[in-house]
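Commentary on secondary and tertiary structure
So you can see what is in the structure, the chains are spelled out below.
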Amino acid sequence: MIRRKGLDTCLLGFFILFLGCVPISETTLSSGSPDDLPDCYVIFPAGPWESVHRIEAIIKGGASSSLIGVTKGEPSERRLQSLLLTPEGFILFDGELRGGEITVRKAVAPFDSPAFAKGLMEDVALLFLPPQVRPTTWGKDTDGTMICNWEGPDKSHTEITGSMDSGWRILRRDKHGKAIKEVVLNGPFVNGLASRVELRAFKPASYRLRMTLVQPSP
Amino acid sequence: MKRFFFLSILIVTSFLSAAVGSSQDWASLKEASKNIRSVKAEFLQKRYLQILTKPLLSEGRFFFNASGSLRWEYLSPVRSVMLQRGGTIQLYHFSEGVWKPEITQAVESRRMVLFEISRWFQGRFDESKVFRNLYSPGPPARVILVPREGIDRFIQRIEVVLSARPGVIDRVEIEEPGGSWTSIEFRNVEINSSFSPEVFEKP
């Protein structure tokens with residue numbers, strides 16, 4: 001647990017809030033048709049891309065903050081660069097995830113802790129990079145809903161469900177099966193990016209990010 | 001070598017002439033601004049980041065009162081407002097149809113920038129403790145602000161391009177280390193127009 005003076009006045013509050021356990025039912029599925037497999041990746045941009053999002057970050061108690069998120073991705077290298085800016089354009093954080101390594105180029109207090117960098121880049125990776133391994137199970141429901149399940153090396157689970165018509169959900173569970181993060185993505189998709197995204201984190205910190213795409217890839 | 005020497009002399013001379021003429025120029029800038037009681041304008045901000053191929057565009061408006069109040073408001077892409085009255089700053093953002101107080105962040109940077117902007121609209125460029133300044137008569141006339149030690153990590157240089165209209169700023173350009181920069185262009189500038197004092201009190 002991280003404690004610092006004045007921490008309740010900043011977004012680092014994400015990391016000091018109590019642990020949350022949200023029961024979200026788990027879907028079991030047998031291995032699906034190879035033809036359906038590409039649909040497990042349809043919500044992730046395939047080529048190089050960049051984006052600008054309007055972000056509303058909401059923490060415990062409903063306090064919120066408006067930010068601008070600028071992200072650039074190179075999926076083939078599993079590389080993401082992410083900037084957080086104030087509405088006026090001050091850069092609060094500039095970091096890069098490359099091959100699993102995080103490099104922080106710039107971070108202004110209180111966004112300068114390693115925990116913040118790790119949490120932020122994990123969120124960005126969850127939103128924009130598919131799991132590295134092949135899904136363990138996948139398939140299509142009778143109503144056309146795609147369901148894909150991955151198991152991570154740390155025994156965590158990622159489940160992606162949805163369709164282009166109804167929207168998509170990414171659910172990440174820890175090794176005990178407890179939901180730690182949930183992302184809801186709604187279209188229309190512009191250059192492979194969802195127009196509206198809501199990320200809810202339950203564990204280890206509780207917060208919500210509402211993101212609206214304002215400037216997609218060129 | 002000779003050419004380089006000549007170029008160096010030229011650069012040094014141009015900086016010296018800017019510095020030598022400064023006390024007179026600062027006085028004339030203040031004189032031009034002394035009748036300004038209020039300013040209202042719209043602005044277009046272009047944020048050039050190395051990560052983006054196209055600049056990030058933001059639009060907004062501001063209200064300034066010479067008594068020491070400033071409202072700096074963004075209308076897009078994030079609707080937000082900074083209200084400065086004397087030494088107090090309040091930040092809000094607009095979400096779900098209501099104005100919400102902003103969780104405090106980067107307040108010192110914002111406070112510094114707002115105080116600097118307030119000074120610029122009063123022609124008080126030479127009173128900054130944060131920036132060293134140079135005046136270039138142009139046209140267009142420009143004030144170049146170079147940060148003193150401390151904030152030079154974040155800002156490399158600011159150029160304030162003055163309008164031919166006395167006391168009016170056309171454009172501000174802010175350069176950062178690492179190649180990112182911001183341009184703010186002002187338009188529909190109204191000098192001494194009347195507006196409610198509430199613009200500085202309520203989001």
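Just above sits the structure.
Owing to the predicted nature of the structure, the values given are computational and were not obtained by experimental measurement. (Residues numbered from 1 in each chain as written. Chains lettered and ligands numbered in written order. Predicted model: local features only at pLDDT ≥ 70, side-chain atom pairs only at ≥ 80, totals over all residues.)

**A few points about the overall build of chain B**
Regarding its fold elements, chain B presents three helices and eleven strands. The order of helices and strands in chain B, counted from the N terminus, is α-α-β-β-β-β-β-β-α-β-β-β-β-β. Sequence separation of 24 or more characterises 41% of the internal contacts of chain B that already satisfy a separation of 6 or more. (Helix = DSSP H or I, 4+ residues; strand = E, 2+ residues; numbered from the N terminus. Contact = placed C-beta atoms within 7 Å.)

**A few points about the pairing of strand β1 (residues 49-59) of chain A**
Residues and elements named next belong to chain A. For β1, the buried fraction is high: eight of the eleven residues fall into the buried class. Sheet analysis places β1 next to strand β2 (residues 64-74), joined by ten bridges and oriented antiparallel. Of the residues in β2, the one forming a bridge with histidine 53 is glycine 69. Between β1 and β2, which pair antiparallel and follow one another directly, the connecting turn spans four residues, one of which, glycine 61, has a positive phi of 90°. With eight bridges joining them, β1 and strand β12 (residues 207-215) adopt antiparallel strand pairing. In the strand pairing of β12, histidine 53 is matched with leucine 213. (Buried ≥ 20, exposed ≤ 12 C-beta atoms within 10 Å, placed from the backbone. Pairing = 2+ DSSP bridges.)

**Considerations on the interface of chain A and chain B**
Tallying the contact residues gives 26 residues for chain A and 23 residues for chain B. Secondary-structure elements contributing two or more residues to the side of chain A that touches chain B are β1, β2, β3 (79-85) and β12 of chain A. Classifying every residue of the side of chain A that touches chain B by side-chain character gives 13 nonpolar, eight polar and five charged. (Nonpolar A, V, L, I, M, F, W, Y, C, P; charged D, E, K, R; others polar.)

Remember that the coordinates give geometry; whether it matters functionally is a separate question.
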